[in-house]
Amino acid sequence: MQPYQEEYIANLKEITLLSAHLEYAACSFADYQETIERDRQQIERRISRNMELLRDGLFPLIDGLFAATPEEITELEEFAGTLLRGKDELDGGLFCQIYEALLSRARQDKDRSRIIRCLYWLGIGRHNMSTKMVGLDYADSKSYMSRMRLCFAEAAAYLKYYDEIDDTDTRGYILRSRANIALGQYESASAKIRVARETLQILQDEDYQTMEPELPWDRFIYMTHQQIASSISYSRDNDMTPQDVAAIMESVHIVHQGRILEALDRGETPSMRSAFACRAIEYYCGLMNLTELLGRMEALMDFADGTDFSADGMYMAISLPAFYCNYLREYPEQLPGRETYLEALYRKVVAYTRAFPADKANEQLFYFLRQLSSTYIETPHSISYGEFQLLLLTHFAPDVYVHSKVVGKTAAALCGIIMEENSSFFDDIDEIHAIKEPAQKRRAVLDLAENCGLFHDVGKINFIRLFTRTARQWFEEEYEITKLHTVVGNARLAANASTRGYAAAALGHHSWYDGSHGYPESYRRLECPYRQMVDVIGLFDWIDNSVCQFWLYGQPKKTFDEAISEAISLEGRRFSPLLTAMLRDTAVCETVRRAYEAARRDANRQLYEMNTGEKAKNDTI
């Protein structure tokens, strides 16, 4: 690789370490504060340097790629391979950009083998992006799934030239691409199964195998069976044919029953994942009813070991409860009588997450928790959904948590001033309008503002790497994907009683006041009774992003005062003139500034105390 490429990768790794906050446990809160600030400055410097490296080294090469030498192309492929290697992701977005450029060069050269390879790896890069969409409705993720599958489908289409290609690797890429068409979400289990069954027919064709005996055919076939077996995670639908049912049963037997028998032969306890898969397929294929399946799941979850932090232990402790909740969501008539069990289950999930060793890789744990986040069901005495979201934010997205606390506390400060001047300002909100006692009404508005701020960005949890580990400005496709955090946040908050009042802020905080820009289209300001509060949250979300995450949006760094001035300049367009008019008042700005600075200290103090178990003394601030 070129020196600039090696430096870029080294910066990515260092930014990951600096963002993880791993070395603060033994220091005082004052030192913690200083370390946080020092690390933030280092991160900003490394991000700035990475942008220089891309601007001066990579982008000129990509712009002139049609004239690049074979050696330069090989180096570029090696660089991309370091950015995304299996589940080890350093920069998936840049990986995709590089392979889009390499694909264009391959097309110009009419190099069929390289076209196929580039299509395969571009599909892998887009699949990496699609894995961040766990819990999204298919309608919201469909276009991204389609982009991924188009890459694999085009590469797989070269199957008709299979006998003309004498290169083993290229033939392998064609077949892997054919198998990968079944990756990701489909509208129904049947659609996914149909694609995978067609792939199996190709992989089991003796003519193809005879032409290329060196390829790992058994592995190709086994992985395709895995994709069919994974279809049991879909809701049971009405369009499954007898052939679909037979295909699932065969694949589950091959993938899971085989594992169970092998474990028993070795005298080991079978994988609980395989045990659930076998029970689930019996339900999906009509061999047991849902009540029996839920009972079997409860028996498996009762068997979970709260001290087992292996992949199977995480699956049992977190992922299986997510499936359990999903069944109860789809069939709410099954919930009565299970509330107490569900409440105990949530307590076990929280205890397991908090006990998870800090020195162990927790990406898989975070993935399983995101699954549960999308299927969570509140009961009268359960841990509230808001509390569960705070667990995710503080453990896996501390930077988002700090940002959210800052937005909420600063929004509450401005709302306090608003209420002094106009106590009916938020009366479009029914629960606020119903409160007649002034002090109680004020407290309700301030609580609403603080919580709307605290939860407005929970949708970022799905895309956390893009928000906290991206060491450069977003590419256009990444920016489009991150817009989904508003849709995800709204859907999850709206589905639970304890957070329903904060859903509008999650949906609309990137919308413009005049409707000319912003997202998503589903937020319509004038139809939203929470619009005044959404305006406040959107204002301070924008201000803090301008000060602390400016690079993602391609903006120059701003001080707090500069952000306030620019917000005022956007009066009536991006921001409500009722709010920006208040920011013209020096005394109001000073109150807001104090709240802004205090909120960041308070959020950092809470994280410090959570991570160290020590109480931070006020005199150390």
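Residues numbered from 1 in each chain as written. Predicted model: local features only at pLDDT ≥ 70, side-chain atom pairs only at ≥ 80, totals over all residues. Heavy atoms only, no water.

Turning to the packing of helix α7 (residues 168-180) against helix α8 (residues 189-203), a few remarks are in order. Put simply, α7 and α8 touch, their axes get as near as 8 Å, and they point 155 degrees apart. Considered as vectors, α7 and α8 are oriented roughly antiparallel to each other. Together, Leu175, Arg178 and Ala179 of α7 and Val195, Glu198, Thr199, Ile202 and Leu203 of α8 make up the contact between the two elements. Classifying every residue of the contact of α7 with α8 gives five nonpolar, one polar and two charged. (Axes fitted to C-alpha atoms, helices over the stretch in contact; angles between N-to-C directions. Helix = DSSP H or I, 4+ residues; strand = E, 2+ residues; numbered from the N terminus. Parallel < 35°, antiparallel > 145°, perpendicular 65-115°, else oblique. Contact = heavy atoms within 4.5 Å. Nonpolar A, V, L, I, M, F, W, Y, C, P; charged D, E, K, R; others polar.)

By the definition in use, this model includes 31 aromatic pairs. Ring centres of Tyr376 and Tyr385 lie 5.4 Å apart, and the angle between their planes is 50 degrees; on these two criteria the pair is classed as tilted. By relative accessible area, which is 1% here, Tyr376 ends up buried. The buried category is assigned to Tyr385, whose relative accessible area is 0%. Sitting over the ring of Tyr186, Arg149 keeps its end group 3.9 Å from the ring centre. Above the plane of the ring of Tyr173 lies Arg176, whose end atom (NZ or CZ) is 4.6 Å from the centre. (Phe/Tyr/Trp six-rings, centres within 6.5 Å; stacked < 30°, edge-to-face > 60°. Buried < 20%, exposed > 50% of the residue type's maximum accessible area, 1.4 Å probe, protein only. Lys NZ or Arg CZ within 6 Å of the ring centre and 35° of its normal.)

What follows deals with the pattern of salt bridges. For the structure shown, the criterion picks out 34 salt bridges. One salt bridge connects Glu298 with Arg338, and the closest N-O pair in it is separated by 3.0 Å. Of this pair, Glu298 sits in helix α13 (residues 290-302) while Arg338 is found in the loop between α14 (311-330) and α15 (339-355), placing the two residues 40 residues apart along the sequence. Where Glu590 meets Arg593, a salt bridge forms, and the shortest distance between an N and an O atom there is 3.4 Å. With Glu590 and Arg593 both in helix α28 (residues 586-612) and three residues apart, the pair spans about one turn of that helix. Salt bridges sharing partners connect three or more residues here, namely Glu37, Arg40, Glu44 and Lys557. (Salt bridge = Lys/Arg side-chain N within 4 Å of Asp/Glu carboxyl O.)

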